Amino acid sequence: MEQTKAEAIIEAILFAMGSSVSLEKLAETLELDKKETRGILEHMKEKYQAEDRGIELVELDGSYQLGTKGETFEYLSKIARIPQKYVLTDTVLETLSIIAYKQPVTRGEIEKIRGVSCDHAVNKLLEYDLIEEVGRLDAPGRPLLFGTTEQFLRSFGVSSIQELPTMNPELMADFTAQAEEEISMKVDV
């Protein structure tokens, strides 16, 4: 298939879908292999950047989506309804961090780490589409498992969970010691 035609087809698919489409699905649709399709997508991404266009091709965990460039936001907000910005309180952000790094994780596991109920935080994160139910744990009661969404990746500017920063092992040991100390103080009371 000719490169220009393949790019036009991909662009039409991504524009019409409005959400991300997996590399596998694009390759299958174009009747090309994944390597060749990825090459076409990379060429498109470079072309959008070089031509200083208002849109960009974004990769999100092995899927692709057309999106507007960040520098066009002020102009878009003048014509379109301003998107609702959500506020992540410390509690919600802490819960999101636990889910991002421990996923898939149950509500009970989150509460065990935080030491308090997480119902409100989990509900807010579901409402903001930053997390989603990803299944059920094979255990008594079959509790729900939560994981992050593509919206989480978009919101935090990462392509995949593997790009999340890692914590310094020494800091991690300090935090663990502090948490254990707090737990022992609660138990003693």
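Residue indices begin from 1 for each chain and proceed along its sequence in written order. Restriction of local features to residues with pLDDT of at least 70 applies here, the model being predicted, together with a cutoff of 80 or more for giving and counting side-chain atom pairs; totals for whole chains, interfaces and linings are based on all residues. Side-chain numbers here rest on the full set of heavy atoms in the structure, without hydrogens or water.

Enquirer: Can you explain helix H7 (residues 119–127)? Please cite residues and give values.
Expert: Relative accessibility under 20% of the residue-type maximum defines a buried residue, over 50% an exposed one, and the middle range a partly exposed one, all with a 1.4 Å probe and only protein chains included. Helix and strand definitions here come from DSSP, where helices need a minimum of 4 consecutive H or I residues and strands a minimum of 2 consecutive E residues; each element is numbered from the N-terminal end. Within the sequence span of H7, burial applies to Ala121, Val122 and Leu125. For H7, the arc enclosing every buried residue in end-on projection is 95°, short of the 170-degree limit, so these residues lie on one face. Projecting away from the buried face of H7 at angles above 90 degrees are the exposed residues His120 and Glu127. Of the residues flanking the end of H7, it is Asp129, one or two places downstream, whose phi is positive at about 60°. When we speak of the arc, we mean the arc of directions from the helix axis to the C-beta atoms.

Enquirer: Outline helix H1 (residues 3–17), supporting the account with residue identities and numerical values.
Expert: To estimate the expected span of a helix, count its residues, drop one, and scale the result by 1.5 Å. Here H1 contains 15 residues, and its C-alpha end-to-end distance of 21 Å stays within 8% of the 21 Å for a straight helix at 1.5 Å per residue. Within H1, the full set of buried residues consists of Ala6, Glu7, Ile10 and Leu14. The buried side chains of H1 occupy one side of the element, clustering within an arc of 100° when seen end-on. In H1, those exposed residues whose orientation departs by more than 90 degrees from the buried face are Thr4, Lys5, Phe15 and Ala16. Among the structural elements, strand E1 (21–22), helix H2 (23–30), helix H3 (34–50), strand E2 (55–60) and strand E3 (63–68) are those in contact with the buried residues of H1. Phi turns positive one or two residues past the end of H1, at Gly18, with a value near 75°. Residue contacts follow a heavy-atom distance rule, with two residues in contact if any of their heavy atoms lie within 4.5 Å.

Enquirer: Any details on the environment of Glu74? Residues and values, ideally.
Expert: Assignment of secondary structure puts Glu74 in helix H4 (residues 73–79). Assessed through its relative accessible area of 46%, Glu74 is described here as partly exposed. Each C-alpha atom of the pair Glu74 and Ala16 lies 24 Å from the other, and the pair is 58 residues apart in sequence.

Enquirer: Explain the nonpolar core residue by residue, including any values.
Expert: Residues Ile99, Ile110, Leu125, Ile131 and Phe152 are the most contacted members of the largest nonpolar core, which totals 20 residues. Top element by residues in this core is helix H5 (residues 90–102). It accounts for 5 residues. Setting aside residues no more than four positions away along its own chain, Ile99 makes contact with Val105, Ile110, Leu125, Ile131, Phe146, Gly147 and Thr148. By nonpolar core is meant a set of buried Ala, Val, Leu, Ile, Met, Phe, Trp, Tyr and Cys residues that side-chain atoms within 4.5 Å join together. Ranked by size, the runner-up nonpolar core spans 15 residues in total, among them Ala6, Leu14, Leu23 and Met44.

Enquirer: Run through the sheet that holds E2, naming residues and quoting values.
Expert: A strand pair is defined by DSSP finding two or more bridges across the two strands. One open sheet accounts for 3 strands, arranged E1-E3-E2; its pairing is antiparallel. Single-partner strands in this sheet number two, and they are E1 and E2. Here E1 pairs with E3 via 2 bridges, running antiparallel. Each residue of the ladder has a partner; that of Ser22, found in E3, is Ser63. An axis is simply a line fitted to the C-alpha atoms; with a helix, the fit covers only the stretch in contact. Between two such axes, the angle follows the N-to-C directions and lies from 0 to 180 degrees. Packing of H3 onto the sheet brings it into contact with E2 and E3, and relative to E2 it is tilted by some 140°.

Remember, this is a structural readout, not a statement about activity or role.
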